[in-house]
Amino acid sequence: MTLRLGFTLLALAAFATQASAFEISSPSVSNGKWGAKYLGDKAGCGGKSVSIALAWKDPPAGTKSYALTMFDPDANGGKGFWHWLVWNIPASAKGLAEGAGSKSGKRMPKGAVAGEGGVGRSGYFGPCPPPGSGTHHYLFTLYALGEPKLRTPENPSPEMVSVAAKSQALAEASVTYTYGR
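We now turn to the structure provided with this report.

Criteria and cut-off values
Residues numbered from 1 in each chain as written. Predicted model: local features only at pLDDT ≥ 70, side-chain atom pairs only at ≥ 80, totals over all residues. Heavy atoms only, no water. Salt bridge = Lys/Arg side-chain N within 4 Å of Asp/Glu carboxyl O. Helix = DSSP H or I, 4+ residues; strand = E, 2+ residues; numbered from the N terminus. Buried < 20%, exposed > 50% of the residue type's maximum accessible area, 1.4 Å probe, protein only. Polar contact = N/O pair within 3.5 Å; in protein donor to acceptor, adjacent residues only side chain to side chain. Contact = heavy atoms within 4.5 Å.

A few points about the pattern of salt bridges
Right, so step 1: Scanning all chains against the criterion turns up 5 salt bridges.
Right, so step 2: Between Asp41 and Lys103 there is a salt bridge, with the nearest N and O atoms lying 3.7 Å from each other. With Asp41 in the loop between strand 1 (23-25) and strand 2 (54-57) and Lys103 in the loop between strand 5 (95-96) and strand 6 (113-114), the pair connects residues that are 62 residues apart, well separated along the chain.
Right, so step 3: The exposure class of Lys103 is exposed, given its relative accessible area of 57%.

Comments concerning the side chain of His136
Right, so step 1: Among the secondary structure elements, His136 is positioned in strand 7 (residues 136-145).
Right, so step 2: Separated by 2.8 Å, the side chains of His136 and Ser133 make a polar contact.
Right, so step 3: Residues within four places of His136 in sequence aside, it is in contact with Asp72, Asp74, Ala75, Pro129, Pro130, Tyr177, Thr178 and Tyr179.

A closer look at unusual backbone geometry
Right, so step 1: Positive phi, close to 60°, is recorded for Asn88, a residue that is not glycine.
Right, so step 2: Even without being glycine, Asn155 reaches a positive phi, approximately 50°.
Right, so step 3: Along the chain, Asn155 falls in the loop between strand 7 and helix 2 (158-168).
Right, so step 4: Among the residues examined, Asn155 registers a relative accessible area of 72% and is labelled exposed.

Here is the structure:
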């Protein structure tokens, strides 16, 4: 009987852990469809690079800030392309509003830092794969950090931000959306 009770308690603990998993999602991308305004604003993509809204839930205990990256691993012949980098997002944030990734950063939570991505500017740059290059995957990764500020050198490259966030993360959550033209 004691052994059965032990297994039951382990099963319940596993279920509770699964039920409160750290997650990120976007209400802006519906059924895999991006609205035109979210697409890139260069290279004939026809968009305005308005950042999608993001929401997250169930961060791990001890989270003091977040870092967010948006990466297209299919771009540049498989070398990838950084579309968006933001760090020092306060732990009180439960998401980012639509348009928070604008060049001005006015809708970003106080204290958040936007890094320079592949287009040579800070802020969000929407999906913009070359015509005929197939479907590209846009990976949004949110890192829950145990410190209020991400430790990076001054003016870090996107790769430095990603490595620092991954190495300092208590947990990470990700979601992938696709787009092709």
